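Each chain, letter by letter, is given below.
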Amino acid sequence: MKKWLHNWRLFSLFSMIALLLAGCGKPFLSTLQPAGEAADTQFSLMLLSTAIMVLVIVVVTIIFVYVVIRFRQRKGEENKIPKQVEGNHKLEVLWTVIPIILLLILAVPTVAATFKLADVKPMNKEKRDKDTLVVNVRANLYWWEFEYPDYGVITSQDLVVPTDERVYFNLKASDVKHSFWVPAVGGKMDTNTENKNQFWLEFDQKAAEKAGGIFYGKCAELCGPSHALMDFKVKAVPREEFDQWIEKMKNAKKPVVTDPVAKQGEEIFNKSCIGCHAVTPIDKRPEQARTAPNLANFGDRERIAGILEHNEENLKKWLKDPESVKPGNKMTGTYGKLTDEQIDALTKYLMSLKVE
């Protein structure tokens, strides 16, 4: 008896914890706080399917309780057998038709939403409207590249998009299968090495303001030891602000460094890093040659290596030992051992790479 009571208390405790944690979602990450047209559609389907399941459970529970009470064994009626309903055509038709109706109620909006979310005809290059934004997403171990083909601009780790309009994506991977996912804004889509997947998302302005203008993106496909650390950020801004950012990126030149420490860092960068990293958003190299993140606006970004707070201390930590931050990354061991003085200089230079 005591053991049963103890287990029941533990179950009650864990149930309460689960209930409390269910309300801990953040607006920049939670699928339960939809932040766009695609997310709203998918959230509505979640509510519909949940409502149908709850309805079925409630009805079955009521029937079960009724049967248990109505036909329970009573004193003096131990040998009495309740009326049998086997072969009752009305009941058999009823409990066959009801599940079909429930499936249709769920299937019709699901199929309609599937076709709606798969409609990428507006991104057709020949018929594309000049204001239609297309972004080429390339997933790598363990970072993300974002190319704006209509503007000739390439950046990494921070995706910048306009709000209140559909943004269309071409998704591809350069090494292994990954999956592009912005939880608050829409469902995930795989990035494959052999073909491109296409879909669209819409970022709601009010939801973006609530989230502080930043949504969190994740890799949702197990891709290696740092899969859980393969994050990116989405800056959702009004169209006017997005256009201004694009113009700055298009006109960005190789930075002129005047600070003597940063100048020393630039020299180190040109010896050890320039072969992989570009420092201007206009990078005409083929994608196979772009083997590391574009650093043109590195100083403006939200995170170091996609996961660390953007400050000099964390940048030094990354430069000193990338493997301790992201195990299995391709930067580890590529540039030799840097002294503390060299790391300070390189940090100063990288933090000066800005377009804002």
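Residues numbered from 1 in each chain as written. Predicted model: local features only at pLDDT ≥ 70, side-chain atom pairs only at ≥ 80, totals over all residues. Heavy atoms only, no water.

What follows is about the overall build of the protein chain. Within the protein chain, the regular secondary structure consists of nine helices and twelve strands. In summary, the protein chain has a C-alpha radius of gyration of 28 Å against a globular reference of 21 Å for 356 residues, an excess of more than 25%. Reported as C-alpha extents along the three principal axes, the dimensions of the protein chain are approximately 100 × 60 × 35 Å. Looking at the protein chain residue by residue over its 356 residues, the buried ones come to 39%. For the protein chain, the share of sequence-separated contacts (at least 6 apart) that also reach a separation of at least 24 residues comes to 65%. As presented, the protein chain carries roughly 20,900 Å² of accessible surface, and 61% of it is formed by carbon and sulfur atoms. Taking the 48 positively charged and 44 negatively charged side chains of the protein chain as two groups, their mean positions are separated by 7 Å. (Helix = DSSP H or I, 4+ residues; strand = E, 2+ residues; numbered from the N terminus. Rg over C-alpha atoms; globule rule 2.2 N^0.38 Å. Buried < 20%, exposed > 50% of the residue type's maximum accessible area, 1.4 Å probe, protein only. Contact = heavy atoms within 4.5 Å. Areas by Shrake-Rupley, 256 points an atom, 1.4 Å probe, with all protein chains shown as cover. Lys, Arg positive; Asp, Glu negative; His and termini not counted. Charge placed at Lys NZ, Arg CZ, Asp CG, Glu CD.)

Residues Y148, F169, F180 and F215 are the most contacted members of the largest nonpolar core, which totals 48 residues. Ranked by residues supplied to this core, first place goes to strand β1 (residues 133–140) with five residues. Of all hydrophobic cores here, the second largest spans 25 residues; its members include F298, L308, Y335 and A345. (Core = buried A, V, L, I, M, F, W, Y, C linked by side-chain atoms within 4.5 Å.)

Attention shifts here to the packing of helix α2 (residues 37–70) against helix α3 (residues 89–117). Viewed as axis vectors pointing N to C, α2 and α3 meet at an angle of 170°, and their least axial separation amounts to 11 Å. What the angle tells us is that α2 and α3 run roughly antiparallel. Taking contact as the criterion, the partners of E37, A38, T41, Q42, L45, L48, S49, I52 and V56 in α2 are, on α3, L102, I105, L106, P109, T110, A113, K116 and L117. Within the contact of α2 with α3, the residues separate by chemical class into eleven nonpolar, four polar and two charged. (Axes fitted to C-alpha atoms, helices over the stretch in contact; angles between N-to-C directions. Parallel < 35°, antiparallel > 145°, perpendicular 65-115°, else oblique. Nonpolar A, V, L, I, M, F, W, Y, C, P; charged D, E, K, R; others polar.)

Let's shift gears to the environment of S156. Tracing the chain through its elements places S156 in strand β3 (residues 153–156). A relative accessible area of 0% means that S156 is categorised as buried. Setting aside its immediate chain neighbours within four residues, S156 contacts W143, W144, E145, F146, P293, N294 and R301. A polar atom in the side chain of S156 sits 2.9 Å from the backbone nitrogen of N294. (Polar contact = N/O pair within 3.5 Å; in protein donor to acceptor, adjacent residues only side chain to side chain.)

Turning next to the layout of surface pockets. The gaps of empty space that remain are located by a probe, the size of a water molecule, rolled over the atoms. One number sums up the size of the largest pocket: a volume of about 540 Å³. Lining the largest pocket are 29 residues; nearest its centre among them are H277, A292, P293, W318 and M331. Among the elements that line the lining of the largest pocket, the one with the most residues is helix α7 (residues 312–320), at three residues. Grouping the amino acids of the lining of the largest pocket by side-chain chemistry returns 18 nonpolar, seven polar and four charged. (1 Å grid on protein atoms, 1.4 Å probe; cavity = no way out; pocket = protein on both sides within 12 Å on 5 of 7 lines; lining within 4 Å. Points joined across faces, edges and corners; volume = space filled by probe spheres on them.)

A few words now on the pairing of strand β9 (residues 214–219). Note that strand β6 (residues 178–181) and β9 share two bridges and pair antiparallel. Residue pairing for β9: W181 is matched across the bridge by K218. As paired strands, β9 and strand β10 (residues 232–237) are joined by four bridges and run antiparallel to one another. Bridged to I214 within β10 is K235. (Pairing = 2+ DSSP bridges.)

Our focus in this paragraph is a nonpolar patch on the surface. A surface patch of nonpolar side chains, about 550 Å² in accessible area, is lined by L55, V59, I63, Y66, V67 and F71. Counting through the fold element by element, V59 comes out in helix α2. (Patch = residues over 30% accessible without salt bridge, like charges linked within 9 Å, V, L, I, M, F, W, Y side chains within 5 Å. Salt bridge = Lys/Arg side-chain N within 4 Å of Asp/Glu carboxyl O.)

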